[in-house]
Amino acid sequence: MKVITEAFLRDELRMETPEVYIVPDGKILSPAAREYLMQRKIKIKLPKQLRYNPEPSKPEPNEVQQVGKLLEEEAKPVDSSHKYVDNETNAFYDEKPEDMTALYGNSLVFKDNPRIEFRGKLDTLQSMVVLYQSFIAEDVAHEKLLEHLGSIVHALGEMMRCDVLNEPYNMPDVLGLTQHELHDRSHNPMKYFKVKQMVLPHYKYGKAYAMLNRLRTATRETEVIATRAFRVKNISGRTDIIKGLNRLSSAFHVMMCMLLAGEYDKK
């Protein structure tokens, strides 16, 4: 399946602004191309098979590779001879406009761009973990809990770095556990902690439990935004980041189970 890029559209629509852009059969729009049309207030008409097929077929491996290469190309600076370049219009700037920010390198997008929204949510999530660490630090009995939260702060910081630099995200161990171990413990808490799976939050479990649950739900929210930001049609270009967020939400669930089981009270 061919992908229509934002650069292709800029060239194709250089001399006209149609009311509707009809996506040809067998082609899909890249995220940047879709945003470009929306910014120019051009309606998008999808191919017939995309409009009426509620359950699109599973993408072929070569389609996934194609989307991955597309995202890599869009991550490169548009023109290194200029200080800043508009990712949408290819305009040049000597000073960065206040309502724009860097997507990658010297390529600028508006601050409501889906990928910038994801980075903002990721930043918020990391700040929440640090905030809750400061609350929990008042209880010296939870030193191990603080250590575990610290490992998650590190994992989130590494995720942000890999997204900004467009590098693969290899999630570091958190809680001293691998991704597989996190997944296993999260789905089998009775086996590991003698605790039922996903015990609903209640004030009687205390502030630490409530905080961990809030971090779990915030991670889920971030995962949804990431899925939307990196999706081309029904294909995700950054499954490494999305999987990492899924495992981090499992990590918070594991920590909730450990708290109920008294694991953080042990010396």
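Refer to the structure above for everything that follows.
The paragraphs below set out a description of the structure included in this document. (Residues numbered from 1 in each chain as written. Predicted model: local features only at pLDDT ≥ 70, side-chain atom pairs only at ≥ 80, totals over all residues. Heavy atoms only, no water.)

**Digging into the overall build of the protein**
Filter applied, for reference: Secondary structure elements follow DSSP: runs of H or I no shorter than four residues count as helices, runs of E no shorter than two count as strands, and numbering proceeds from the N terminus. Here, residues are in contact when the closest pair of their heavy atoms is within 4.5 Å. Throughout, the Shrake-Rupley method with a 1.4 Å probe supplies accessible areas, and for residues the shown protein chains are the sole cover considered.
From N to C terminus, the protein includes 10 helices and 10 strands. A separation threshold of at least 6 residues defines the contact pool for the protein, and within that pool the share at least 24 residues apart is 61%. Of the roughly 14800 Å² that the protein leaves accessible, carbon and sulfur atoms contribute 52%.

**Details of helix α2 (residues 31-39)**
Quick reminder of the rule: Three exposure classes are used, based on accessible area relative to the maximum for each residue type with a 1.4 Å probe and protein chains only: buried under 20%, partly exposed in between, and exposed over 50%.
Restricting attention to buried positions, one finds in α2 the residues Pro31, Ala32, Ala33, Glu35, Tyr36 and Leu37. Residue Lys41 follows α2 closely and has a positive phi angle near 60 degrees.

**Concerning the sheet that holds strand β6 (residues 92-93)**
This is how the line gets drawn: For two strands to count as paired, DSSP must find a minimum of two bridges between them. Axis lines are fitted through C-alpha atoms, for helices just across the contact stretch, and the angle between N-to-C directions can take any value from 0 to 180 degrees.
The sheet built from 4 strands is open, its strands ordered β6-β5-β8-β7 with mixed pairing. The open sheet has two free edges, formed respectively by β6 and β7 (100-104), since each of these has just one partner strand. Of the pairings in the sheet, the one linking β7 to strand β8 (residues 107-110) comprises 4 bridges and is antiparallel in character. Across the sheet, Tyr104 pairs through a bridge with Ser107, a residue of β8. The sheet contacts of helix α5 (residues 114-136) involve β7 and β8, and relative to β7 the element is tilted by about 90 degrees.

**As for the packing of helix α7 (residues 179-187) against helix α10 (residues 239-260)**
Let me state the cut-off plainly: The scheme is simple: roughly parallel for angles under 35 degrees, roughly antiparallel for over 145, roughly perpendicular for 65 to 115, oblique for anything else. Left-handed describes a crossing whose near helix is turned anticlockwise from the far helix through less than a right angle; right-handed describes the clockwise counterpart. Polar here means any residue outside two lists: the nonpolar Ala, Val, Leu, Ile, Met, Phe, Trp, Tyr, Cys and Pro, and the charged Asp, Glu, Lys and Arg; Gly therefore counts as polar.
For the pair α7 and α10, the least separation of the axes is 9 Å and the interaxial angle reads 50 degrees. In terms of orientation, α7 lies oblique with respect to α10. The two elements α7 and α10 meet at a crossing, and its hand is left-handed. Together, Gln179, Leu182, His183, Arg185 and Ser186 of α7 and Lys243, Arg247, Ser250, Ala251, His253 and Val254 of α10 make up the contact between the two elements. Here the residues of the contact of α7 with α10 are counted per class, giving 3 nonpolar, 5 polar and 3 charged.

**Focus: the packing of aromatic side chains**
What counts is decided by this rule: Here a Phe, Tyr or Trp ring, Trp counted by its six-membered ring, pairs with any other such ring whose centre lies within 6.5 Å, and the pair is stacked when the planes are under 30 degrees apart, edge-to-face when over 60, and tilted otherwise. Charges are assigned to positions over rings by a cutoff of 6 Å between ring centre and Lys NZ or Arg CZ, combined with an angular limit of 35 degrees from the ring normal.
The tally for this structure, following the rule as stated, stands at 4 aromatic pairs. Note that Arg185 overlies the ring of Tyr192, its terminal NZ or CZ placed 4.4 Å from the centroid.

**Some words on the nonpolar core**
Note the threshold: We define a nonpolar core as any set of buried Ala, Val, Leu, Ile, Met, Phe, Trp, Tyr and Cys residues linked to one another through side-chain atoms lying within 4.5 Å.
Counting 48 residues, the largest nonpolar core has Phe118, Leu149, Ile152, Val174, Leu175 and Met255 as its most contacted members. Of all the elements in the fold, those that place two or more residues in this core are α5, α6 (143-164), α9 (207-229) and α10. Setting aside its immediate chain neighbours within four residues, Val174 contacts Ser151, Ile152, Ala155, Leu182, Leu248 and Ala251. Membership of the second largest hydrophobic core comes to 10 residues, among which are Ile4, Leu29, Tyr36 and Ile42.

**Here we look at the environment of Leu212**
Relative to the helices and strands, Leu212 is located in helix α9. The class for Leu212 is buried, based on a relative accessible area of 0%. With 11 residues separating them along the chain, Leu212 and Pro201 place their C-alpha atoms 9.7 Å apart. Leave out the neighbours within four places in its chain, and Leu212 touches Leu145, Leu149, Phe252, Met255, Met256 and Leu259.

**Some remarks on the packing of α9 against α10**
Taken N-terminus to C-terminus, the directions of α9 and α10 make an angle of 170 degrees; their axes are 9 Å apart at the nearest point. With respect to each other, α9 and α10 are oriented roughly antiparallel. Where α9 abuts α10, its residues Ala208, Tyr209, Leu212, Asn213, Leu215, Arg216, Thr219, Arg220, Thr222, Glu223, Ala226 and Thr227 lie against Ile242, Leu245, Asn246, Leu248, Ser249, Phe252, His253, Met255, Met256, Leu259 and Leu260. Across the contact of α9 with α10, the residue classes break down as 13 nonpolar, 7 polar and 3 charged.

**Let's talk about the pattern of salt bridges**
We apply this condition: Here, a salt bridge means any side-chain nitrogen of Lys or Arg that lies within 4 Å of a carboxyl oxygen of Asp or Glu.
The tally for this structure, following the rule as stated, stands at 8 salt bridges. A salt bridge links Glu158 to Arg161; the nearest nitrogen and oxygen atoms lie 2.7 Å apart. One end of the pair is Glu158 and the other is Arg161, both in helix α6 and 3 residues apart, which spans about a single turn. Overall, the relative accessible area of 21% leaves Glu158 in the partly exposed class. Given the relative accessible area of 35%, Arg161 is considered partly exposed. Of the charged contacts, one joins Arg214 and Glu221 as a salt bridge, the two residues approaching to 3.9 Å between their closest N and O atoms. Of the residues examined, Arg214 reaches a relative accessible area of 32% and is grouped as partly exposed.

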